[in-house]
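Per-entry structural report
Here is what each chain is made of, one letter per residue.
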Amino acid sequence: MTSMSGYTSYGICALCGKRTTKAAMTRHLGSCLAEHEPSRGKDARLFRLRIEDAYSPIFWMDVEIKATATLEVLDDFLRHKWLECCGHLSAFYIDEDTFMVPSAYRMEQVGLFADPNERSMKVKLGGILNKGSRFEHVYDFGTSTDLKLRVVDERQGRIGSDSVRLLSQNEAPVWECEVCGEDASWICTFCMYERGNPFYCELHAEDHECEEPEMVLPVVNSPRMGMCGYDG
Ligand SMILES: [Zn+2]
Ligand SMILES: [Zn+2]
Ligand SMILES: [Zn+2]
Ligand SMILES: [Zn+2]
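Let us look at the structure shown here. None of the values given here were measured: they were computed from a predicted structure.

Next up on the list: the overall build of the protein chain. When helices and strands are tallied, the protein chain shows four helices and 13 strands. Contacts spanning at least 24 positions in sequence make up 57% of the contacts within the protein chain whose residues lie at least 6 apart.

Our focus in this paragraph is helix α1 (residues 22-35). The terminal C-alpha atoms of α1, which comprises 14 residues, lie 20 Å apart, in line with the 20 Å expected from a rise of 1.5 Å per residue. Largest kink in α1: about 35°, centred on L29. Here α1 has its buried residues at M25, L29 and L33. Looking at the packing, one finds that the buried side of α1 touches β1 (10-13), β2 (19-21), β3 (44-53), β4 (60-66) and β10 (164-170).

Moving on: the environment of P198. In this fold, P198 is placed in the loop between β11 (186-188) and β12 (199-200). The sequence separation of P198 and E176 amounts to 22 residues, and the corresponding C-alpha distance is 9.3 Å. Aside from chain neighbours lying at most four places away, what touches P198 is E178, I187, C188, C191 and M192.

Time to look at the sheet that holds β12. The strand order β12-β11-β13 describes an open sheet built from three strands, whose pairing is antiparallel. Each edge of the sheet is formed by a strand with only one pairing partner; in this case those strands are β12 and β13 (216-218). In this structure, β11 lies alongside β12, joined through two bridges in antiparallel fashion. Bridge pairing in β12 links W186 to Y200.

So, on to the sheet that holds β1. An order of β2-β1-β10-β4-β3-β9-β8-β5-β6-β7 is seen for the 10 strands of this open sheet, with the pairing classed as mixed. Because the sheet does not close on itself, it has two edges, and the strands there are β2 and β7 (118-120). The average angle at which neighbouring strand axes cross in this sheet is 30°, direction not considered. Here β3 pairs with strand β9 (residues 145-157) via 10 bridges, running antiparallel. What sits directly across from D53, in β9, is L147.

Looking down a regular strand, the side chains alternate between one sheet face and the other. For strand β5 (residues 90-94), the tally of buried residues reaches four of five residues, placing the bulk of the element in the interior. Sheet topology places β5 next to strand β6 (residues 97-100); four bridges connect them, and they run antiparallel. Counted as the bridge partner of Y93 is T98 from β6. Two successive antiparallel strands, β5 and β6, enclose a turn made up of two residues, where D95 displays a positive phi of approximately 50°.

Conventions adopted
Residues numbered from 1 in each chain as written. Chains lettered and ligands numbered in written order. Predicted model: local features only at pLDDT ≥ 70, side-chain atom pairs only at ≥ 80, totals over all residues. Helix = DSSP H or I, 4+ residues; strand = E, 2+ residues; numbered from the N terminus. Contact = placed C-beta atoms within 7 Å. Expected span 1.5 Å × (residues − 1). Bend = angle between axes of the 7 residues up to and from the residue. Buried ≥ 20, exposed ≤ 12 C-beta atoms within 10 Å, placed from the backbone. Pairing = 2+ DSSP bridges. Axes fitted to C-alpha atoms, helices over the stretch in contact; angles between N-to-C directions.

Below, the structure written as structure tokens:
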């Protein structure tokens with residue numbers, strides 16, 4: 001995906017609505033979390049994760065997740081929020097281990113054999129992560145979307161009955177039409193690999209002549225923009 005050098009990425013706090021930069025959001029959440037704690041429920045061990053596109057970190061979010069939740073829950077959340085197009089396989093890479101959906105299922109799907117470092121995603125975060133842990137997630141081994149994840153903080157607290165909640169997310173970046181400079185709403189996935197900035201407004205997306213016209217996809221606020229058939 002195209003990088004935007006010199007671009008300051010802003011995001012919105014999902015708890016209080018504050019708009020601030022990506023760097024300042026981490027500090028802001030440190031105090032905002034405690035002020036927006038539900039009064040009911042039991043204290044639980046919680047991880048705060050900063051998640052971003054590995055190559056285009058203008059796409060980022062912060063989430064809080066219970067240590068008792070499994071990697072499968074986190075995978076589902078990432079698919080729902082950012083990734084799902086047509087049920088591709090995915091994996092987490094943590095230290096030396098690869099965590100995937102169970103291998104028997106995978107062998108049926110793609111005929112691969114498990115390697116010795118491969119484990120199921122049905123494992124609880126609390127047993128494998130600590131404050132400071134860094135790890136990766138890959139969705140789709142064809143046209144892959146790679147995410148970087150980091151455990152920014154760990155605390156005892158309450159987030160309600162869900163295992164995971166969104167804390168903040170980047171504002172949708174605005175892209176300019178390559179032809180006229182107006183706000184773009186389409187991206188050409190063919191030109192993406194040929195040229196740097198294949199964005200088009202409504203009008204110029206219609207005019208765009210390309211070898212594969214059906215490869216135009218909507219601009220969306222996700223690291224999966226322009227990939228496979230992802231349309232948000
Ligand atoms: Zn806030
Ligand atoms: Zn797909
Ligand atoms: Zn245009
Ligand atoms: Zn094109």
